[in-house]
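Summary of structural features
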Amino acid sequence: MWCRRLACLFKVPCQLSGSTRRRSPWLPHDRRTVLAAAARWHHTAPESLKCAWQLHGDHLELRYANTLMRFDFVWLRDHCRSASCYNAKTNQRSLDTASVDLGIKPKAVRVDETTLFLTWPDGHVTRYGLEWLVKNSYEGQKQQVMHPRILWNAEIYRQAQVPSVDCRSFLETDEGLKEFLQNFLLYGIAFVENVTPTKEDTQTLAERISLIRETIYGRMWYFTSDFSRGDTAYTKLALDRHTDTTYFQEPCGIQVFHCLKHEGTGGRTLLVDGFYAAEQVLRQAPEQFELLSKVPLKHEYVENVGDCHNHMIGVGPVLNVYPWNNELYLIRYNNYDRAVINTVPYNVVHRWYAAHRTLTTELRRPENELWVKLKPGKALFVDNWRVLHGREAFTGYRQLCGCYLTRDDVLNTARLLGLQA
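Residues numbered from 1 in each chain as written. Predicted model: local features only at pLDDT ≥ 70, side-chain atom pairs only at ≥ 80, totals over all residues. Heavy atoms only, no water.

Bringing the overall build of the chain into the picture now. Broken down by element type, the chain carries 13 helices and 26 strands. When the 421 residues of the chain are sorted by exposure, 52% land in the buried category. Across the chain, the fraction of contacts at a sequence separation of at least 24, relative to all contacts at a separation of at least 6, is 71%. Of the roughly 20400 Å² that the chain leaves accessible, carbon and sulfur atoms contribute 51%. (Helix = DSSP H or I, 4+ residues; strand = E, 2+ residues; numbered from the N terminus. Buried < 20%, exposed > 50% of the residue type's maximum accessible area, 1.4 Å probe, protein only. Contact = heavy atoms within 4.5 Å. Areas by Shrake-Rupley, 256 points an atom, 1.4 Å probe, with all protein chains shown as cover.)

Here it is as structure tokens:
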């Protein structure tokens, strides 16, 4: 899992040894002070080791389900789920966090086989299920994966024989929609077959799972080789692998492609799992992976064609990870649109170039390239935060339509169908 594979890149607080906690480099000295002499483990029952806890000067330590957890007292008061502190109907906090005394300590603590009970100085009682604490603690989250995935190269994907979903099933049944979304979440790409090759029908398809994100390109776009927008993508030339809209502050989450017509040769679509390539970098050169995840870069799009005048700038590292478990969630890779590198000091930039070269080498390995011939009736959905796409050169007239989708809406649709997203 990403959280295990990346754990070596970032420092984590030291674990308890016996009843004394070693100093954590994340905390100031006064926060590291604990009552080691007075601390001792308390168990839910003398003969039970399922759950044990001990109280320190500024936090509670709890061992349950093979997980050692540390909870700041303010955190424990702030997350109280009692009726006066939390609205269970709206799933929203009612407690004013700023009103909690930063020096608060529980007056009494009790733990049974399933529940932690805390009594505060004003008499308020907070109850936490132990399973809830494991799920929601920092230590528990470090062991979780936000988005389960299957990383792939061309052979892995072909061997998986991931089926396309029929358009009617996709549009008319929850089963078809769920199958499609499961494929998309696991692999970052998914296909729908037997789509009427029109822009209107493609739009209907897209709106089944999300709102269409309107950008400087409009909502639904036609894509031809007339160079109408002054962009390399509008030529007949080959396009190297890349992700789209790296020059947005938040790159578009999902892209839809549907080839409506092609009278000529070539034009196959290239797909590469960026997360698979990133994992290879992590295994070979973890220090380079870390550099790619921390160094911010600018990407930009400058357009001055006819009445279209745009100057878009997006900033972020090539690899983006969740800080608590180091899970990769976004790759921002586009050598066409990368701006002048002026956010990196001279003594780092050369190392960044070496790391970028390592990643590029992985992305360009032939065994990582999945080539697909798009044809009328077959729509492709691409996770633009994960899968890079490109194109071989082509001849003749080629017309595609497509759009960008809002990532939140796609994930929401998946969750409503019971999928982890």
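So, next bit.
All right, on to the pattern of salt bridges then. Counted according to the given criterion, the structure contains 16 salt bridges. Ionic pairing is found between Arg-268 and Glu-392, a salt bridge with its closest N-O pair at 3.1 Å. Within this pair, whereas Arg-268 is found in the loop between strand S17 (254–263) and strand S18 (269–273), its partner Glu-392 is found in the loop between strand S25 (387–391) and strand S26 (397–405), the two being separated by 124 residues in sequence. Among the salt bridges present, the one from Glu-362 reaches Arg-365, with a minimum N-O distance of 3.1 Å. The structure contains a network of salt bridges with shared partners spanning Asp-240, Arg-241, Arg-364 and Glu-369. (Salt bridge = Lys/Arg side-chain N within 4 Å of Asp/Glu carboxyl O.)

Turning our attention to the side chain of Thr-269. Relative to the assigned elements, Thr-269 resides in strand S18. Here Thr-269 is in contact with Leu-370, Trp-371, Val-372, Leu-374, Leu-380, Gly-390 and Arg-398, once residues within four sequence places are set aside.

Turning our attention to the sheet that holds strand S11 (residues 125–129). On the basis of which strands lie adjacent, the open sheet formed by three strands has the order S9-S10-S11 and antiparallel pairing. Edge positions in the sheet fall to strand S9 (108–111) and S11, since each of these pairs with one other strand and no more. Taking the axes of each pair of neighbouring strands and ignoring which way they run, one obtains an average angle of 15° across the sheet. (Pairing = 2+ DSSP bridges. Axes fitted to C-alpha atoms, helices over the stretch in contact; angles between N-to-C directions.)

The strand order across the open sheet formed by four strands is S3-S4-S5-S6, and the pairing between neighbours is antiparallel. Unpaired on one side and paired on the other, strand S3 (42–43) and strand S6 (67–72) mark the two borders of the sheet. By the bridge criterion, five bridges tie strand S4 (residues 51–55) to strand S5 (residues 59–64) in an arrangement that is antiparallel. Counted as the bridge partner of Gln-54 is Glu-61 from S5.

With respect to the secondary-structure elements, His-147 resides in the loop between helix H5 (138–142) and helix H6 (154–160). Residue classification places His-147 among the buried residues on the basis of a relative accessible area of 14%. Beyond its immediate sequence surroundings of up to four residues, His-147 is in contact with Tyr-322, Glu-327, Leu-411 and Ala-421.

Quick look at the pairing of S5 now. Burial within S5 is extensive, with five of its six residues counted as buried. Here S5 pairs with S6 via six bridges, running antiparallel. Within S6, the position partnered with His-59 by the bridge is Asp-72. Counting the residues in the hairpin turn of S5 and S6 gives two residues, including Ala-65, whose phi is positive at 50°.

Where two aromatic rings form a pair, the distance of their centres and the angle of their planes describe that pair. Under the counting rule described, the total for this entry stands at 18 aromatic pairs. Here the aromatic rings of Phe-71 and Trp-75 are separated by 5.2 Å at their centres, their planes lie at 35°, and the arrangement is tilted. Here Trp-75 falls in the partly exposed class, since its relative accessible area comes to 24%. It is Arg-81 that lies over the ring of Tyr-86; its NZ or CZ is 3.9 Å from the centre. Its guanidinium or amino end placed over the ring of Phe-191, Lys-378 lies 4.7 Å from that ring's centre, counting from NZ or CZ. (Phe/Tyr/Trp six-rings, centres within 6.5 Å; stacked < 30°, edge-to-face > 60°. Lys NZ or Arg CZ within 6 Å of the ring centre and 35° of its normal.)

A word on the environment of Leu-130. Mapped onto the secondary structure, Leu-130 falls in helix H4 (residues 130–136). C-alpha separation for the pair Leu-130 and Leu-62, spaced 68 residues apart in sequence, amounts to 9.3 Å. If we ignore the near neighbours within four places in the chain, the residues touching Leu-130 are Cys-51, Leu-62, Tyr-64, Val-111, Asp-112, Glu-113, Thr-114, Thr-115 and Leu-116.

Below, the discussion takes up the pairing of S11. What you see with S11 is a clean split: Thr-126 and Tyr-128 sit on the buried side and Val-125, Arg-127 and Gly-129 on the side with no burial. Here strand S10 (residues 115–119) hands over to S11 after five residues, with Gly-123 in that stretch at a positive phi of 90°.

Of note in the backbone geometry, Ala-65 takes a positive phi value of approximately 50° without being a glycine. In this structure, Ala-65 sits in the loop between S5 and S6. Phi at Asn-194 takes a positive value of approximately 65°, unusual for a residue other than glycine. Positionally, Asn-194 belongs in the loop between strand S13 (189–193) and helix H9 (199–207).

If you walk through the whole model with that rule in mind, you get three cavities of 30 Å³ or more. As a volume, the largest cavity reaches approximately 120 Å³. What lines the largest cavity is a set of 13 residues, among which His-147, Leu-185, Asp-383, Arg-407 and Leu-411 lie closest to the centre. Sorting the residues of the lining of the largest cavity by element identifies helix H8 (174–187) and helix H13 (407–416) as the ones contributing at least two each. Among the elements that line the lining of the largest cavity, the one with the most residues is H13, at three residues. (1 Å grid on protein atoms, 1.4 Å probe; cavity = no way out; pocket = protein on both sides within 12 Å on 5 of 7 lines; lining within 4 Å. Points joined across faces, edges and corners; volume = space filled by probe spheres on them.)

As a further point, take the nonpolar core. One finds Val-318, Leu-319, Ile-331, Trp-352 and Leu-359 to be the most contacted residues of the largest nonpolar core, which totals 29 residues. Breaking this core down by element, the ones donating at least two residues are S18, helix H10 (274–284), helix H11 (286–294), strand S21 (319–321), strand S22 (328–331) and helix H12 (346–363). Not counting the four nearest positions on each side in its chain, Leu-359 is found in contact with Ala-277, Ala-278, Val-281, Leu-292, Val-318, Leu-319, Ile-331 and Tyr-333. Among the nonpolar cores identified, the runner-up in size contains 28 residues, and Val-165, Phe-184, Ala-379 and Phe-381 belong to it. (Core = buried A, V, L, I, M, F, W, Y, C linked by side-chain atoms within 4.5 Å.)

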